[in-house]
Amino acid sequence: MGGYPAHPLSVEDSVPPSRERAEDLADRATDHPEDVHLRSSDKVSGYHILGTDNEIGHVKDFIFDDEAWVIRYLLVDTNNWWPGGKKTLLSTQWVDRIDWTDSTVQTMLTREQIKNSPGYNEDSSLDRNYETQLHQFYGKKGYWG
């Protein structure tokens, strides 16, 4: 069904960013310094995962929630750090910080915790049973409840 938006936009608000003047874009970037860390997921793929005690793997991919429009998990590949490693998921809620200059993702979890966490098969679809198992393993509350 069509209709008008609940909160109409002014003409100024409706100007697409591609039509803004370069000076206006520069001013907006200065006013919002938090925007300087916006990165493509392609750029973050490959970043090293650091536990509280050591490196444990690297970011292989991301799991997006297409209903809430958020990144829920980082797919961590640990095969480079120990023979017979595995892939597991790391919730974005368990990430302490991302260091853009060192290409690392710091988590509040230990290397041993991640090593022993439930493995994830990227050929399967993510389901609530796996998410529940993963969150229970870490003693963390799920985002869904």
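All residue numbers refer to positions counted from 1 along the written sequence of the respective chain. The model is predicted, so local features are restricted to residues of pLDDT at least 70 and side-chain atom pairs to those at 80 or more, both for listing and for counting; the totals for chains, interfaces and linings are taken over all residues. The side-chain quantities take in all heavy atoms of the structure and omit both hydrogens and water.

### Focus on the sheet that holds strand S6 (residues 104-107)
Part 1 of the reasoning: When DSSP finds two or more bridges between two strands, those strands count as paired. Note on conventions: DSSP H or I runs of at least 4 residues are helices, E runs of at least 2 residues are strands, and numbering of each starts at the N terminus. One open sheet accounts for six strands, arranged S4-S3-S2-S1-S6-S5; its pairing is mixed. The sheet is open, and its two edges are formed by strand S4 (87-91) and strand S5 (95-99), each paired on a single side. The sheet shows a mean angle of 35° between the axes of neighbouring strands, direction not considered. Note on definitions: angles span 0 to 180 degrees between N-to-C directions of axes, and those axes are lines fitted to C-alpha atoms, for helices only across the stretch in contact.

### Notes on the side chain of threonine 78
Part 1 of the reasoning: Counting through the fold element by element, threonine 78 comes out in the loop between strand S3 (70-77) and S4.
Part 2 of the reasoning: Judged by its relative accessible area of 0%, threonine 78 is buried.
Part 3 of the reasoning: Those residues in contact with threonine 78 that lie beyond four places of it in its chain are Ile56, Gly57, Gly85, Lys86 and Ile114. Working definition: with a 1.4 Å probe on protein chains only, accessible area under 20% of the residue-type maximum means buried, over 50% means exposed, and in between means partly exposed. When checking whether two residues touch, look at their non-hydrogen atoms; a contact exists if any pair is within 4.5 Å.

### Examining unusual backbone geometry
Part 1 of the reasoning: A positive phi angle, near 60°, is found at tryptophan 69, a position not held by glycine.
Part 2 of the reasoning: Note on tryptophan 69: relative accessible area 77%, which makes it exposed.
Part 3 of the reasoning: Unlike most non-glycine residues, serine 103 shows phi in positive territory, near 55°.
Part 4 of the reasoning: Note that serine 103 resides in the loop between S5 and S6.

### Quick look at the confidence of the model for the protein
Part 1 of the reasoning: What pLDDT reports is the predictor's confidence in each residue, on a scale of 0 through 100. Mean pLDDT over the protein stands at 80; residues scoring 70 or higher make up 72%.
Part 2 of the reasoning: Across residues 1-20 the pLDDT falls below 50, and counting only partners more than four positions away or on other chains, this stretch makes five contacts in the model.

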